[in-house]
Amino acid sequence: MEINGKTKIYGILGDPIHHVSVPKLMNHLFAKKKENKVLIPIHVDKISLKSTIEGLKYIQNFNGLVITMPHKTEIVKYLDEASEEVKRVGACNVIKRTSEGLLKGTLLDGNGFIEGLRHHKHSIKSKNIFLLGAGGAASGIAYSLCENGIKKLTIYNRSKTKASTLIENLKVIYPNIEIGYKDQISMDTDILINATSVGMQENDKPILSLSNLASNTLVAEIITNPKITCTLKKAIEKGCKIHKGIAMLKGQIRLMNEFMD
């Protein structure tokens with residue numbers, strides 16, 4: 001793929017940025033489709049986020065951004081237009097820059113996670129789900145799980161207030177699904193999902209004990225690097241099936257490209 005004066009530029013913005021897999025996957029897709037596009041990693045801290053976004057709005061050949069931790073929530077205030085998913089969750093993970101310099105944002109974490117499960121033949125229909133986390137990615141996943149017919153959703157987050165707010169919002173939209181909070185993983189869990197950043201660092205330990213897990217529980221991640229997180233390691237020790245974080249990202253790549261195009 002040749003980069004020239006007609007190349008459309010995209011980026012993935014986060015802090016840190018060394019761990020991201022999006023550039024490799026997205027650039028492979030661009031090359032496969034013979035599109036004159038390139039996506040680069042952009043390392044920006046919280047202090048510089050506003051000025052960076054303001055600057056990118058004026059770059060004529062800059063078409064879009066993928067947003068990763070820790071900016072998914074903060075980025076919302078800089079959008080000119082937000083999708084219903086963004087408004088509902090309060091987080092955004094992909095932005096399109098229009099020819100007029102406007103920024104339109106959406107959230108694809110939930111749809112990407114579901115697509116990843118489907119690709120690996122994992123069903124969530126009528127299943128009991130235990131979700132770790134209540135941040136942007138976790139919230140997006142929670143809504144998509146409920147939208148796709150799960151039986152029960154239990155949420156744990158280190159900030160119980162944040163989890164409680166998410167639970168109450170979900171109950172309004174999905175009154176027929178049992179949704180609650182628990183600080184211990186239930187023994188009847190069909191699928192455990194770690195939707196937190198715990199596991200990105202070498203010395204991290206699972207956010208909750210996995211001692212209650214049955215061997216037929218599927219343990220899923222959203223972290224792509226490392227491929228086997230501390231949560232997945234413990235799951236393997238318990239004899240559980242695992243679902244790596246890269247599946248969610250691959251599930252989003254096509255959707256991201258379509259949105260930013």
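Residues numbered from 1 in each chain as written. Predicted model: local features only at pLDDT ≥ 70, side-chain atom pairs only at ≥ 80, totals over all residues. Heavy atoms only, no water.

### Thoughts on the overall build of the chain
Note the following rule: A run of H or I in DSSP becomes a helix once it reaches four residues, and a run of E becomes a strand once it reaches two; helices and strands are each numbered from the N terminus. This radius of gyration counts C-alpha atoms alone. The globule rule is 2.2 Å times how many residues there are, raised to the power 0.38. Note on exposure labels: buried denotes an accessible area under 20% of the residue type's maximum, exposed denotes more than 50%, and partly exposed covers the range between, all computed with a 1.4 Å probe on protein chains only. Working rule for contacts: check all heavy atoms of both residues, and any pair within 4.5 Å makes them a contact. The charge count includes Lys and Arg as positive and Asp and Glu as negative, but it does not include His or the ends of the chains. Charge positions come from single atoms, namely NZ of Lys, CZ of Arg, CG of Asp or CD of Glu.
Helix and strand content of the chain: eight helices and twelve strands. Relative to its length of 261 residues, the chain is compact, with a C-alpha radius of gyration of 18 Å against a globular reference of 18 Å. Relative to its 261 residues, the chain shows a buried fraction of 52%. Look at the contacts in the chain between residues 6 or more apart in sequence, and 70% of them connect residues 24 or more apart. Across the chain, the mean location of the 37 positive side-chain charges is 5 Å away from that of the 25 negative side-chain charges.

### Looking at the pattern of salt bridges
Where we set the bar: Put simply, a salt bridge is a Lys or Arg side-chain nitrogen that is within 4 Å of an Asp or Glu carboxyl oxygen.
Under the defined criterion, the tally for this structure stands at 13 salt bridges. Where Asp 80 meets Lys 57, a salt bridge forms, and the shortest distance between an N and an O atom there is 3.5 Å. With Asp 80 in the loop between strand 3 (62-67) and strand 4 (81-82) and Lys 57 in the loop between helix 2 (49-56) and strand 3, the pair connects residues that are 23 residues apart, well separated along the chain. Between Arg 254 and Glu 258 there is a salt bridge whose closest N-O contact spans 3.0 Å. Placement of both Arg 254 and Glu 258 in helix 8 (residues 246-260) is noted, with a separation of four residues, approximately one turn of the helix. The exposure class of Arg 254 is partly exposed, given its relative accessible area of 45%. By relative accessible area, Glu 258 is classed as partly exposed at 49%. Through salt bridges with shared partners, one network takes in Lys 33, Glu 35, Lys 37 and Asp 261.

### A word on the nonpolar core
Convention followed: In these notes, a set of buried Ala, Val, Leu, Ile, Met, Phe, Trp, Tyr and Cys residues joined through side-chain atoms within 4.5 Å is what counts as a nonpolar core.
Among the nonpolar cores identified, the biggest contains 50 residues, and Leu 153, Leu 170 and Ile 193 are the most heavily contacted of them. For this core, the element with the highest residue contribution is helix 5 (residues 136-147), accounting for seven residues. With residues near it in sequence (within four places) discarded, Leu 153 still touches Ile 129, Leu 131, Ala 142, Leu 145, Cys 146, Leu 170, Ile 177, Glu 178, Ile 179 and Gly 180. Ranked by size, the runner-up nonpolar core spans 17 residues in total, among them Ile 17, Met 26, Leu 108 and Leu 249.

### As for the sheet that holds strand 6 (residues 103-106)
Where we set the bar: In this description, strands pair whenever DSSP reports at least two bridges between them. Here the axes come from fitting lines to C-alpha atoms, over the contacting stretch only for helices, and the angles between their N-to-C directions go from 0 to 180 degrees.
Here we have six strands laid out as an open sheet, ordered 2-1-3-5-6-4, and mixed in their pairing. At either end of the open sheet lies a strand with only one pairing partner, and these are strand 2 (37-43) and strand 4. As paired elements, strand 1 (residues 8-14) and strand 2 share seven bridges and run parallel to each other. Each residue of the ladder has a partner; that of Tyr 10, found in strand 2, is Leu 39. Packing against the sheet, helix 1 (residues 22-32) makes contact with strand 1, strand 2 and strand 3, and its axis sits at approximately 170 degrees to strand 2. Set on the sheet, helix 8 makes contact with strand 1, strand 2, strand 3, strand 5 (94-97) and strand 6; between it and strand 5 the angle comes to about 25 degrees.

### Some remarks on the sheet that holds strand 10 (residues 191-194)
Sheet architecture is open: six strands sit in the order 9-8-7-10-11-12, paired in parallel fashion. Edge positions in the open sheet fall to strand 9 (178-181) and strand 12 (241-243), since each of these has one partner strand only. Strand after strand, the sheet turns through a mean of 20 degrees between neighbouring axes, direction not considered. Inspection of the sheet shows strand 8 (residues 152-156) paired to strand 9 by four bridges, in the parallel sense.

### Section: the packing of helix 5 against helix 6 (residues 160-173)
What counts is decided by this rule: Working rule for angles: under 35 degrees goes down as roughly parallel, over 145 as roughly antiparallel, 65 to 115 as roughly perpendicular, anything else as oblique. Crossings are classed by handedness, with left-handed meaning an anticlockwise turn of the near helix from the far one by less than a right angle and right-handed meaning a clockwise turn. Polarity classes work like this: nonpolar for Ala, Val, Leu, Ile, Met, Phe, Trp, Tyr, Cys and Pro, charged for Asp, Glu, Lys and Arg, and polar for all others, with Gly in that last group.
Interaxial distance between helix 5 and helix 6 falls to 11 Å at its minimum, and their mutual angle equals 25 degrees. As the angle between them shows, helix 5 and helix 6 are arranged roughly parallel. For helix 5 against helix 6, the interelement crossing comes out right-handed. In contact with Ser 139, Ala 142, Tyr 143 and Cys 146 of helix 5, helix 6 contributes Leu 166, Asn 169, Leu 170 and Ile 173. Split into classes, the residues belonging to the contact of helix 5 with helix 6 amount to six nonpolar, two polar and no charged.

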